[in-house]
Structures are given as structure tokens and as C-alpha cells.
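Residues per chain are reported as follows:
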Amino acid sequence: MRILSVIPLILLAAGAVLAGIAFAGPFGNTGVDLTLGAGLALLGSVAATLLAGIATLAHPRRGWRRALIALAVLAALLAALAAVFLMQTLLAAAMLAGAAGLIAAPFFERTPR
Amino acid sequence: MIRSLIPAALLLTATAAQAQQDSWTAFHGDLASTKFSNARSLTPDSVGRLERAWDYRTGDVSDGSGDLAETVWSATPVYADGTLYLGTPFYRIVALDPATGEERWTYDSASTLEPLTQPALKNRGVAYWNGGDTGPCVRRVFLGTMDAELHAVDAETGQRCADFADGGVLNVNQWNTVNDVFPFSLLQPPLVVGDTLLLGWAGADWEYSVAPPGNLLAIDARSGDLLWEASFIPPEMIDRTGTANTADPELGLVYAPVSSPSPNYWGGARTDPIPIATSVTAVDIASGEVAWTFQHVRHDIWDYDTPSAPTLVDIPRDGQMIPALVQATKQGFLFVLDRRTGEPLFPIEDRPVPASTATGEVTAPTQPFAMTPTPVGNPLELPPVWRLSDVVSLGQCSRDREKYLYQGIFTPPSEQGTLFFPGTAGATNWGGVSVDPDRAILYVNASRIVQLIHLIPRDEYDSEAREGGNEEGYHPQEGAPYGIHLTDWSNWAGMPCWAPPFGTFSAIDLTTGQTLYEVPFGKAQFHGFYGLGDWGSPTLGGPVVTAGGVVFIGASMDSRVRALDAATGRELWSDLVEAPAVSIPAVFTHEGVDYVVFAVGGNSILKPEVSDQAVAYRLPR
């Protein structure tokens, strides 16, 4: 496992935590707690994290891996879009960065000779 | 009776004195309802540094999911003689240290917590009286309850004032002797003019044809004795007189925003003119005699009841200062009158309006249109269908637009279904306007909500309403040939069918009547998602303007309290609070420091969030 593959996963996981905080409001009012919108953002961020985690950590075959990454990117982008309209800037940034990392990571991975 | 003219110099002196206040001793800050604060440290340059001074929870909140009905807390905090007083929707009084938010005392009225006349437990705060003497209970806080009790409490100790009425509690319902189908609910604090408490009441909207006659009560603040009762519409019926009043002690007049008659949406049983209904009416404070009245809706069948206290301001004209009154209305018209006589200061046009097709209804052929100042919220033009909402609903909104009746403002309710704009919450509501008296500039927030109203024949109403009831928009208007179904005009997903903006904020020069700006205000919020900046938000609550050139306002759906640049309407600062701050803030100076305090109660009309939060802001020390 290479560090570049793990960074997007960490970002998405952080996004899922932020989405959980936005939805549940454990540290106070977020302005969107217990709303459908925050629930959808949480769902999207958790889905992106799980899909990216499976793709990164479970070592699926290349075709499966690409499909999982594509779905993870889609979920992350939708969660980011939701976060923009929920005015959750950090969450949006985390999901966008995670999605970008998922797309970019393969280009930086060196193929063993 | 038309009162004789009072020398302008006297009036100028009175108005200036009202405006130069550092306290906030009444619902609208002062007797003139200017909602103007003399706080000068709060300027467009400084408010970006505002910070929370304290955050206090009353504990008196219900979301309606348990045994108690939902709470609607719209109190304006009252600051007087170094203490901040809050009324709560559980009908308690809380006295706080304005600098720290620490409790000094609390008082529990032990009132019933049943929504006897309203769908929710409501409170808009308390009133303060200073008797000017020494001894116990020379300064009093008055609290009204849903079950028609007025409590008098010592402002120092929180103990009942035994010399007021029956051991400190006045049963106002003793004067509810005609058509007493519901109690006189005291949700709005009384207006205190000298030693007189001026008291209106709230009832049950939309439910009955027959209701108690509208009246205004004058009560002795020391004894609780009834001084006089002004019956506005005897023996007809009216559903409330309970919004705030305004007074000019120099003229000896109280200005009452009078409600519409019952039933609200069908007037076939009251076709004779009722000149004082849906009016602003001046009443002699000493005697209770009506001095003049100005009716701004004839034969009201839209519940366009006068929603807010009029605001008093002196307007320069032809080298003289004219003592004026501005009455904001649900229609979006701002009527500017000479407050001595009720004569309009800008032209008012009588325009033909559509006739009704409902059984027995006889609509007024014309209605008064105040085109100067420019109406707020563009009420004369139905907003176009919102393309986004129309696409989402596969054209439902466009089909609705063709299907339902709309012939301009004052289109009567119909069996076919009428698009109703401005809707029943109005372009403006009880928050009213604020005025900078030095500049004669008016500030006002307005909503743009389109509703859909159906008249349902009585023999069909019960079977239709059985499915939904009040929460689904059904109201019986018992005794009338029609019940009603009233909802926002929305698509299957709950999105508004009309195009934004949903709310605006305006500044108007009262000297010329010209609008200085009208900008979208706040952010709409649906299922947590915020609307775009130019969509604006419907609002409930009112603004306060300061001498430093800043407007403070909550009122929007997005649970923010804001400071705006009074010169441009631009947002300078905001803070997220627990629920929509459906209230008017109090702005005052305590120990040399300017404070802004909001009661944050929420209101399900905007979104289903409630709170018991009071939050205070000040500049860093």
C-alpha cells in the first residue's frame, strides 16, 4: 500500500466525520442538523469512504478497482455539491480533495519493474 | 371626532425625546414604535467585530412532539433600569444581568400550558412600568397569558404586586362578555403610556364566524382597574386586537392597528360597511374615544388585518415638520398619514378590484392603493412560475398557473382556487418597520409568498377536512357557508412554484417616498439546503436601526441574525443561532456598552425548528 493511495481515503474519512458532525450536531447547532440535506451529505461521504476503502485496502482486480474508484469519486462529488448548498465549507473541501486524490493517485503510483 | 392641531414645535420635541433613548423599555423600543436605537458604537466599520457576550436558555421550549404544544417565542427583550426582562412561551418572566446573562430572578405565572386560541404556545414578551415613587412594586413587569390573565410583578424582586387587581393577577376575561367563544389571549405585552396599560388580545383565526367584538382595554397600572374600553366593531365580530400599539403622549393618542372581521375569507354575513375593520385607528388615551380611523382594506376577505403597530416619524414638507404615521400592511402598501388627523400625506388611489363569485359575497368595488412610497415586495405583480420548480414537477406549476384564479392583488377567494399574493402572512407582518427619525428613512423586511386558497362549500368541507385538518391547511370558518383550504403554492416536492426572491429588505426616503434600495434578504432553506444569495428568504420579525447606521435583524429562515449597512442593505455581519430569530432585537446601552439581544424562538411557518435561546452581542472590550 502506498501513502499516496491512502491520503484520499483519509480525506474522505475526515469528510464523513465532518458530515456526521453536521448532521448530528454534537458540538452545537450547525444550521443543518437533522435535516434531509445533511443526511444525504453524510450518506454520500460514508459511501465514498467505504468504496474508496475497499478499492484501496482490499486489493480488488483492476477492473473492479476502477469501478469502485469511479463510484467513490461520484459519491464524493455529490456529497461535495450537497455540502456547498449546506454551507459546510470544510466538508465540501474534504470531499473535493478526496475525489481529486482518488483520480490523481494512479498517475503518481510507480509500476514495479 | 377630529382633534385640533397641536403646534409642530411641541411635536418635534416629543419625537426627538422618544428617539434619543439608550434603553429599550417597550416591544418596539419606544412609544413611537420607531425601533431606533441611539447606540453609536455600532457602525458599519465596527460591527464585523461583534462577539457573543452571553447565551441564555430559558428552558421554556417545546417542539410539539410531547404533551405540550409547540412553542412560538417572538419576544422582544425589555431593558429598563439596568435589568433585562424576558417573557417566555411558558408564561414566565426571567430577569437577567444585561452584561453577563446571569439570572436575577424568575417568576412563574403557573398559567395553563394549553394552546387555547392558537396552534402554539406563544409569547411576545413583557411590558415595563416605572411608577416614579419609592417602595415595593413601584417598578413593575407585566406578563399576559394565553388564558387571559395579566400578571403584575415587582421589577426588583420578581414577587407579585399584591395591590394590583386580585393579588397581582388581573382576569381580563371578565370583560369578554359578548360571543365569548374563546378567551382574550394576552400574547402581546401591553403598551405602557404613563400609568395606563393599553391592552389588546388575540383570538382564534379562521375557525369561527362569530367571535368577541374587537376592543382595546385601558387598565390602571397601579390598581388593575378598567379605565375604559374602546369597542371598535360592536356588535360585529373580530378575531383579535392583539398586535402592538403605538402612542403619542403629546397628542394624547394611541394608534391601534385594528384587525379584520370574522370570518376572515368570506364576508357574506357582514356586507354592510364596517369602517373601523382592517384599519389604523387613533383613540384618545384619556377617554377611549375614537379620534380618527383610516381603513386600508374595505370589506376584508383576505385576512389582510393590520399586522403591526404604526410607526411615528416627523417628515419635512414645505419648510415644516409634519407629524406623520406610517402604517405597513400585509398588502405591501405603506400608508403615510398625518397622525393628527389621519389624512394621507401621499396620494392614495382608489382602484377597481375583481368581484367575487362566492355565494352571498359582495366584494368592495374598489380598494385603496398607496403607490407612494413604492409598495414593498412588488405586491402588484404575481411572481412568475419558477422554472426550476416547474421542471422538477414536470410542468405542475405552469398548469397550476393556468388552472387557478389570479386577477391581481385583491383577487377574491374562490371555489375554483385563487392564487393569493401577498399571502396571508403578508408582505409585511407584525415586525413592522423601523425608522431613523433624524434622516426620515424607513427600513422594512418583506416576504414574497404566493398561497393557494380554496373556498370549500360547507356540505363538502367536513369530508375533505377529515383527511387533513388544520395542519394540512383546512380551517372551518364555522357558521359560514364555506370552510377554507389554504396552503403555500408549491409542487409535489414542496418547492415553491413562484420565482424568487422570497424576501427583500428595503430602505425608503419618507421625505420623497422614493425607494433607496430593495435587495434580497436572508437565505431560504429547504431540507437543510440553503438557497442562492439572490433568492432571499421569507421573514417574520422586524428590524432595528441604530444611530451608527446599522440595521440589526433576524427574521429569516436560515437561523442567522444579521447586521446590514443601513445605507446600502449590504450584509456586514451574521451569526448562526439555534432557530430562526422570529422577533425584534433589543438594542441598548448598559454601563456604557452597546448590546444587541435577540430572542431565538423559531416558528414553524418558516421551518420546523424551535429554541429557547436568548443571545447577546457586543463589541470586544
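### Notes on the nonpolar core
Residue and element names in this part refer to chain B. Ranked by size, the top nonpolar core spans 66 residues in total, and within it Leu42, Trp54, Phe552 and Phe598 carry the most contacts. If you list the elements that add at least two residues to this core, you get strand E2 (51-57), strand E5 (83-87), strand E6 (92-96), strand E37 (550-553), strand E38 (560-565), strand E40 (586-590), strand E41 (593-600) and strand E42 (613-618). Sequence-distant contacts of Leu42, that is, excluding residues within four places in its chain, are made with Val47, Leu50, Thr546, Gly548, Gly549, Val550, Phe552, Val587, Asp594, Val596 and Leu619. Listed in part, the 33 residues of the second largest apolar core include Val297, Tyr304, Leu312 and Ala370.

### Focus: the sheet that holds strand E36 (residues 544-546) of chain B
All names here are of chain B. Read from one edge to the other, the open sheet built from 5 strands follows the order E1-E36-E37-E38-E39, with strand pairing classed as mixed. Both edges of this open sheet fall to strand E1 (36-37) and strand E39 (571-576), since each of them pairs with a single strand only. Inspection of the sheet shows E37 paired to E38 by 4 bridges, in the antiparallel sense. Paired with Val551 across the bridge in E38 is Leu564.

### Details of the confidence of the model for chain B
Residues and elements named next belong to chain B. Looking at chain B as a whole, the pLDDT averages 92, with 94% of positions reaching at least 70. The low-confidence segment residues 1-20, where pLDDT is below 50, has 38 contacts with residues more than four positions distant or belonging to other chains. We note a pTM of 0.92 for the whole complex and an ipTM of 0.91 for its interfaces.

### Here's the deal with the packing of aromatic side chains
All names here are of chain B. Under the criterion given, the structure shown has 27 aromatic pairs over all chains. Both rings, one in Phe333 and one in Phe369, keep their centres 5.2 Å apart while their planes meet at 55°; by these two values the pair is tilted. With Phe333 in the loop between strand E22 (320-328) and strand E23 (334-338) and Phe369 in strand E25 (residues 366-369), this pair connects stretches of sequence that are 36 residues apart. Each member of the pair, Phe333 as well as Phe369, is classed as buried. Ring geometry for Trp573 against Tyr617: centres 4.9 Å apart, planes inclined by 80°, an arrangement best described as edge-to-face. In this pair, Trp573 is assigned in strand E39 and Tyr617 in strand E42, connecting sequence segments 44 residues apart. Side by side, Trp573 and Tyr617 carry an identical accessibility label, which is buried. Each member of the aromatic cluster is reached from another via a ring pair, and the members are Tyr265, Phe294, Trp302, Tyr304, Phe333, Phe335, Phe369, Phe410 and Phe420. Stacked on the ring of Tyr461, the Lys or Arg Arg458 has its end atom at 5.5 Å from the ring centre.

### What to know about the environment of B:Glu229
Residue and element names in this part refer to chain B. Mapped onto the fold, Glu229 is located in strand E16 (residues 226-231). Residue classification places Glu229 among the partly exposed residues on the basis of a relative accessible area of 34%. Measuring from C-alpha to C-alpha, the distance between Glu229 and Ala148 comes to 16 Å, with 81 residues separating the pair along the chain. When sequence neighbours within four positions are dropped, the list of residues in contact with Glu229 reads Trp175, Asn215, Leu216 and Leu217.

### Some points on the interface of chain B and chain A
Facing 12 residues of chain B, the contacting portion of chain A comprises 12 residues. Buried surface at the junction of chain B and chain A, summed over both partners, amounts to about 1,000 Å²; 64% is from carbon and sulfur atoms. Area buried by chain B at its contact with chain A is led by B:His527, B:Phe529 and B:Tyr530, which between them contribute 49% of it. Here chain B and chain A share 0 salt bridges between them. The tally of links between chain B and chain A comes to 4 residue pairs in polar contact (both at pLDDT 80 or more).

Cut-offs and rules
Residues numbered from 1 in each chain as written. Chains lettered and ligands numbered in written order. Predicted model: local features only at pLDDT ≥ 70, side-chain atom pairs only at ≥ 80, totals over all residues. Heavy atoms only, no water. Core = buried A, V, L, I, M, F, W, Y, C linked by side-chain atoms within 4.5 Å. Buried < 20%, exposed > 50% of the residue type's maximum accessible area, 1.4 Å probe, protein only. Helix = DSSP H or I, 4+ residues; strand = E, 2+ residues; numbered from the N terminus. Contact = heavy atoms within 4.5 Å. Pairing = 2+ DSSP bridges. pLDDT = per-residue confidence, 0-100. Phe/Tyr/Trp six-rings, centres within 6.5 Å; stacked < 30°, edge-to-face > 60°. Lys NZ or Arg CZ within 6 Å of the ring centre and 35° of its normal. Buried area = accessible area lost by both parts, 1.4 Å probe. Salt bridge = Lys/Arg side-chain N within 4 Å of Asp/Glu carboxyl O. Polar contact = N/O pair within 3.5 Å; in protein donor to acceptor, adjacent residues only side chain to side chain.

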